[in-house]
Amino acid sequence: DQQVKQNSPSLSVQEGRISILNCDYTNSMFDYFLWYKKYPAEGPTFLISISSIKDKNEDGRFTVFLNKSAKHLSLHIVPSQPGDSAVYFCAANTGANSKLTFGKGITLSVRP
Amino acid sequence: EAQVTQNPRYLITVTGKKLTVTCSQNMNHEYMSWYRQDPGLGLRQIYYSMNVEVTDKGDVPEGYKVSRKEKRNFPLILESPSPNQTSLYFCASSSPGPGSSGANVLTFGAGSRLTVL
């Protein structure tokens, strides 16, 4: 049972435009949601997180939105840059359990 | 520099030949974990450790062993590797202690690409 779902395997956007990466989850016990970014030949790196008590968290060009009733979160990148081209993983954990459950990832390509 | 170090980065081996992938972190993290990444399957947890001498199975533990004798090291052991263990492996660590709450912000190593022929 896949608890964190990233249903779109890839996304291509023009430089300067907004990138919206979506993620759905099924486990209502998740308290924290995270996004990781991964370049080829490197390990994933933490990008941004949000607690379930919030509906938005912003860090520079990156904003994560959480809709608990829909069990949906999204990562917005504005404006998108070619250096943002990478695989993005959505992940979640509960407050009492450190296990981080990942989605399958989405490959973002930002065209110059 | 705070980091997670994995070795080897690349390895080609044959079926049945025991191998160990080492993982070491210099951040004094309590929590360590191994993941494998496969096309179309994302990152799946193999084993994790909440602290020294405390390990537990993740989602795909079959064919793997781990140990946590020291806080900084968490080796992944493949006793008898098989071709279906060909994958990209990541070690990761984080600071939540047992029973603590909060976002589990993992720091990942650079990955170890293993090919089993």
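Now for a quick tour of the structure. (Residues numbered from 1 in each chain as written. Chains lettered and ligands numbered in written order. Predicted model: local features only at pLDDT ≥ 70, side-chain atom pairs only at ≥ 80, totals over all residues. Heavy atoms only, no water.)

All right, on to the sheet that holds strand S8 (residues 76–78) of chain B then. The strand order across the open sheet built from four strands is S1-S3-S8-S7 (chain B), with neighbouring strands paired in antiparallel fashion. Both edges of this open sheet fall to strand S1 (4–7) and strand S7 (65–66) of chain B, since each of them pairs with a single strand only. (Pairing = 2+ DSSP bridges. Helix = DSSP H or I, 4+ residues; strand = E, 2+ residues; numbered from the N terminus.)

According to the stated counting rule, one finds two disulfides over all chains in the structure shown. The disulfide partner of Cys23(A) is Cys90(A), and the S-S distance across this bridge is 2.0 Å. A torsion of -75 degrees about the S-S bond marks the disulfide between Cys23(A) and Cys90(A) as left-handed. Taken as a pair, Cys23(A) in strand S3 (residues 19–25) and Cys90(A) in strand S9 (residues 86–93) lie far apart in primary sequence, 67 residues in all. Taken as a pair, Cys23(A) and Cys90(A) share a single burial class, namely buried. In this model, Cys23(B) is linked to Cys91(B) through a disulfide, with the two sulfur atoms separated by 1.9 Å. Given an S-S torsion of about -75 degrees, the disulfide between Cys23(B) and Cys91(B) has left-handed geometry. Placement of the pair is Cys23(B) in strand S3 (residues 19–25) and Cys91(B) in strand S9 (residues 87–94), with a sequence separation of 68 residues. The pair formed by Cys23(B) and Cys91(B) is uniform in burial state, with each residue classed as buried. (Disulfide = S-S within 2.5 Å. Buried < 20%, exposed > 50% of the residue type's maximum accessible area, 1.4 Å probe, protein only.)

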